[in-house]
Amino acid sequence: MIKVCPHCQQKNRIPAKFLASQGKCGQCKQVMPASDTPLDVNATDFDDIIQQASVPVLVDFWASWCGPCQAAAPEVAKLAKSNASKALVLKVNTEQQQALAARYGVRSIPFFAVFKNGQIHWQQAGLMSAAQLNQALHS
């Protein structure tokens, strides 16, 4: 994954296993914080992160035309912010990643799934609050 340094705007390649950790920019050597926003991923990035993440991962399967998905987006962002360094939050656009959505039996969106140690731990369709998602993430 590529993260932009908030200090010098340099693009840095971050291995999936370190996305939930603080690091240092390769150019300016300033601290780069752990990921605190939902990460839009494709199937390759998804598989890499799920297999290598050292923290739980919540995945939001969504589509741009879906009203409930749009309503869930601020809750998902709130969850990512409050769980920086404790969890990762991924967003999978089901229109662009149809095979990935099919792999997990996504038939209704928004659809949320929690992965721990590379395995699916929990999944549920429907609009949920950040508090509900947080509970699922840490159960």
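In the block above lies the structure referred to throughout.
Scoring rules and cut-offs
- Residues numbered from 1 in each chain as written.
- Predicted model: local features only at pLDDT ≥ 70, side-chain atom pairs only at ≥ 80, totals over all residues.
- Heavy atoms only, no water.
- Helix = DSSP H or I, 4+ residues; strand = E, 2+ residues; numbered from the N terminus.
- Buried < 20%, exposed > 50% of the residue type's maximum accessible area, 1.4 Å probe, protein only.
- Polar contact = N/O pair within 3.5 Å; in protein donor to acceptor, adjacent residues only side chain to side chain.
- Contact = heavy atoms within 4.5 Å.
- Expected span 1.5 Å × (residues − 1).
- Bend = angle between axes of the 7 residues up to and from the residue.
- Pairing = 2+ DSSP bridges.
- Axes fitted to C-alpha atoms, helices over the stretch in contact; angles between N-to-C directions.
- Core = buried A, V, L, I, M, F, W, Y, C linked by side-chain atoms within 4.5 Å.

Caption draft 1: Region of the structure containing the environment of Q70. Examined against the element boundaries, Q70 turns out to sit in helix α2 (residues 67-82). In the structure, Q70 is positioned 57 residues away from L127 in sequence and 9.7 Å away in space, judged by C-alpha atoms.

Caption draft 2: Molecular detail of the side chain of D60. With respect to the helices, strands and loops of the structure, D60 is situated in strand β6 (residues 57-62). Overall, the relative accessible area of 0% leaves D60 in the buried class. Polar contacts involving the side chain of D60 include one to the side chain of K91, which spans 2.7 Å. Excluding residues that lie within four positions of it along the chain, D60 makes contacts with V76, L90, K91, V92, P110, F111 and F112.

Caption draft 3: Representation of α2 in the model. Here α2 contains 16 residues, and its C-alpha end-to-end distance of 24 Å stays within 8% of the 22 Å for a straight helix at 1.5 Å per residue. A bend of about 30° at A73 is the largest found in α2, and the proline P74 appears one to four places after it. Contacts from the buried residues of α2 go to β6, β7 (88-93), β8 (111-116) and α4 (130-137).

Caption draft 4: Representation of the sheet that holds strand β9 (residues 119-125) in the model. One open sheet accounts for five strands, arranged β5-β7-β6-β8-β9; its pairing is mixed. Strands with a single pairing partner mark the edges of an open sheet, and in this sheet they are β5 (39-40) and β9. Two elements, β5 and β7, share two bridges in a ladder whose sense is parallel. Across the sheet, L39 pairs through a bridge with L90, a residue of β7. α4 contacts β6, β8 and β9 of the sheet and is inclined by roughly 30° relative to β8.

Caption draft 5: Fine view of unusual backbone geometry. Cis peptide bonds are those with omega within 30 degrees of zero, and the linkage from I109 to P110 qualifies with 0°. Tracing the chain through its elements places P110 in the loop between α3 (98-103) and β8. Of note in this structure, S85 is not a glycine but carries a positive phi near 75°. Mapped onto the fold, S85 is located in the loop between α2 and β7. Positioned with a positive phi, N117 is a non-glycine residue whose angle comes to about 55°. Here N117 lies in the loop between β8 and β9.

Caption draft 6: View of the side chain of S35. Examined against the element boundaries, S35 turns out to sit in the loop between β4 (31-32) and β5. Each residue touching S35, except ones within four places of it in the same chain, is listed here: K3, L19, A84, S85 and L88.

Caption draft 7: A look at the nonpolar core. Ranked by internal contacts, the top residues of the largest apolar core, which has 28 residues, are F46, I49, V57, V59, F61, L88 and L90. Only α1 (43-52), β6, β7, α3 and β8 provide two or more residues apiece to this core. Sort the elements by how many residues they give to this core and β6 lands first, with four residues. Apart from residues lying up to four places away in sequence, F46 is in contact with V41, V59, L90, V92, L100, R103, Y104 and F115. Membership of the second largest hydrophobic core comes to 14 residues, among which are A87, V89, M128 and L133.

Caption draft 8: Focus on the environment of I14. As for its position among the elements, I14 is in the loop between β2 (11-13) and β3 (23-24). Between the alpha carbons of I14 and S82 there is a distance of 21 Å; along the sequence they are 68 residues apart. The contacts of I14, once residues within four sequence positions are left out, are M1, K3 and L19.

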